[in-house]
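Observations on the three-dimensional arrangement
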Amino acid sequence: DSQDVGVLDDAQARRFLGRWSGRWSDTKDTSLPEPHASGILSQCKGLVLGLAMIGAALKGQPDPEWAYLLADLKKARLKDVGVRPSDYGYQTLHASIAVSVNALEPAAKARYLRLAVLLEDMAAPEALLQALWGGEERDVRRTARLFVDRSLASRDAEGIRLHDFQLDYIRGEHAEPAALALQHSALLLSSHVVRPHPEQFVGQMTGRLLPHTAQPGIAAFLEDLDACAPHPRLRPLRP
């Protein structure tokens, strides 16, 4: 499972990176570009989730891209130089997620960061993604599939899910932490409705957040929901 935060030994990690990057398969054994591959393996420290995200970001990319990605990994780790040695696993995954997210096209990256509103262990079915992202259904499905292919999300019968490490990263990227906390509170209060009926996400969030429109970030969030939500719909006018 690509979403496990397991640890591989050196040989396993090299094979795993080769498979996720498309350089190795049962019928193909293309050597990884050195010294960049060894540098990436050293940075990822055998962590399965980190290797899967980095490998997926490199799939189909030419050799020079491995050098650029290695440099980005090192830069991302430098931002966490104060992390305690016991937190190196977190630091490694944080850097891997940062590089993988930044490798997305701008529109896809913006959609991924909007998933910060999700609660832990909460699936995002298509109806909820449509409400968050807007656009045509086919485009929503394509973006969700991209995140799964990049190991930035997993998929089950309920929708796509983010690993807690991935949620933690995109929450840290949010421009308005206080507004995000209010969104989480609203979604938690509405979860008994939204989980079985994701099409009610916009109405529930709007009704619960209307009292907080003076809070920076909330009015803009509700405006985005109103623009993205399928129409016609019932829109709460009062909290």
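Look up a bit, the structure's there.
Throughout what follows, the structure given in this document is the object of discussion. Because the structure is predicted, anything quoted here is derived from the model rather than measured. Residue positions are given per chain, counting from 1 as you read along its sequence in written order. Reporting of local features is limited, given that this is a predicted model, to residues whose pLDDT is at least 70; pairs of side-chain atoms are given and counted only at 80 or more, and all residues count toward the totals for whole chains, interfaces and linings. Only hydrogens and water are set aside when side-chain values are computed; all heavy atoms of the structure are taken into account.

**Some details on the nonpolar core**
The cut-off we apply is this: The criterion is simple. A nonpolar core is a set of buried Ala, Val, Leu, Ile, Met, Phe, Trp, Tyr and Cys residues joined through side-chain atoms within 4.5 Å. For each residue, the accessible area found with a 1.4 Å probe, counting protein chains only, is set against the maximum for its type, and the residue is called buried under 20%, exposed over 50%, and partly exposed in between. Throughout, a contact is declared for two residues whenever any of their heavy atoms are within 4.5 Å.
Core analysis: the largest hydrophobic core is formed by 66 residues, its most contacted members being Ile40, Tyr112, Leu115, Leu132, Phe147, Phe201 and Met205. Apart from the residues lying within four places of it in its own chain, the contact partners of tyrosine 112 are Val101, Leu104, Phe147, Leu152, Leu162, Gln166 and Ile170.

**What about the pattern of salt bridges?**
This is how the line gets drawn: Every case where a carboxyl oxygen of Asp or Glu lies within 4 Å of a side-chain nitrogen of Lys or Arg is listed as a salt bridge. Every helix listed is a DSSP run of H or I at least four residues long, and every strand listed is a run of E at least two residues long, numbered separately from the N terminus.
In this structure the tally under the stated criterion is 13 salt bridges. Between glutamate 120 and arginine 171 there is a salt bridge, and its shortest N-O distance comes to 2.7 Å. Taken together, the positions of glutamate 120 in the loop between α6 (106-113) and α7 (126-133) and arginine 171 in helix α9 (residues 164-172) put the pair 51 residues apart, joining distant regions of the chain. Across the pair glutamate 137 and arginine 141 runs a salt bridge whose closest N-O atoms are separated by 3.3 Å. Here the residue glutamate 137 and the residue arginine 141 both occupy positions in helix α8 (residues 137-149), the gap between them amounting to 4 residues, near one helical turn. Residue arginine 141 is classed as partly exposed on the basis of its relative accessible area of 40%.

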